[in-house]
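Summary of structural features
Below, each chain spelled out in residue letters.
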Amino acid sequence: MSTPADPTQPGAPTPEPGGPSTSTAVLERTEPETQVAEPGDHERFSHYVRKEKILESALSGEPVKALCGKIWVPGRDPEKFPVCPTCKEIYDGLRDPQDGED
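I will try to describe carefully the structure that is included in this document.

Each value, and the rule that gives it
Residues numbered from 1 in each chain as written. Predicted model: local features only at pLDDT ≥ 70, side-chain atom pairs only at ≥ 80, totals over all residues. Heavy atoms only, no water. Helix = DSSP H or I, 4+ residues; strand = E, 2+ residues; numbered from the N terminus. Buried < 20%, exposed > 50% of the residue type's maximum accessible area, 1.4 Å probe, protein only. Contact = heavy atoms within 4.5 Å. Areas by Shrake-Rupley, 256 points an atom, 1.4 Å probe, with all protein chains shown as cover. 1 Å grid on protein atoms, 1.4 Å probe; cavity = no way out; pocket = protein on both sides within 12 Å on 5 of 7 lines; lining within 4 Å. Points joined across faces, edges and corners; volume = space filled by probe spheres on them. Nonpolar A, V, L, I, M, F, W, Y, C, P; charged D, E, K, R; others polar. Core = buried A, V, L, I, M, F, W, Y, C linked by side-chain atoms within 4.5 Å. Phe/Tyr/Trp six-rings, centres within 6.5 Å; stacked < 30°, edge-to-face > 60°. Lys NZ or Arg CZ within 6 Å of the ring centre and 35° of its normal.

So, about the overall build of the protein. Within the protein, the secondary structure is distributed over 2 helices and 2 strands. Within the protein, buried positions represent 15% of all 102 residues. For the protein, contacts bridging at least 24 residues in sequence account for 50% of all contacts bridging at least 6. Put simply, the protein shows about 9000 Å² of open surface, and 54% of that area lies on carbon and sulfur atoms.

Okay, here's the thing in structure tokens:
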């Protein structure tokens, strides 16, 4: 039993003119809308977390949940980053916490 020849392989027969053809489509590129908080912005901020949760995370390696709702394992110097605006609003009493605790 023979298998059909692959036209992309060296030495394969060339397709017949008038046979199947390929076409090209043009896709229009639209600029994405600017978002206030872009995906990944939470990685550029220091977040507020309850002190006891930070200590537990340091001992267990378990992730923590910030006041804004971001979940991660702390491991960088928070002094090197600006404070998360959502965490700050919650800390200042302007919003309700999203970390599941009051």
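Roughly 320 Å³ of volume is contained in the largest pocket. Taken together, 16 residues make up the lining of the largest pocket; nearest its centre are His 47, Ile 54, Trp 72, Pro 74 and Pro 78. Among the elements that take part in the lining of the largest pocket, helix H1 (residues 51-60) stands out by supplying 3 residues, more than any other. When the residues that make up the lining of the largest pocket are grouped by side-chain class, the tally is 10 nonpolar, 5 polar and 1 charged.

We now examine the nonpolar core. In terms of nonpolar packing, the biggest core is built from 9 residues, these being Val 49, Val 64, Ala 66, Leu 67, Cys 68, Trp 72, Cys 84, Cys 87 and Ile 90. Each residue touching Cys 68, except ones within four places of it in the same chain, is listed here: His 47, Cys 84, Thr 86, Cys 87, Ile 90 and Gln 98.

Each aromatic ring pair is summarised here by two numbers: the centre-to-centre distance and the angle between the ring planes. Taken as a whole and assessed by the stated rule, the structure comprises 1 aromatic pair. Note that Arg 76 overlies the ring of Phe 81, its terminal NZ or CZ placed 4.0 Å from the centroid.

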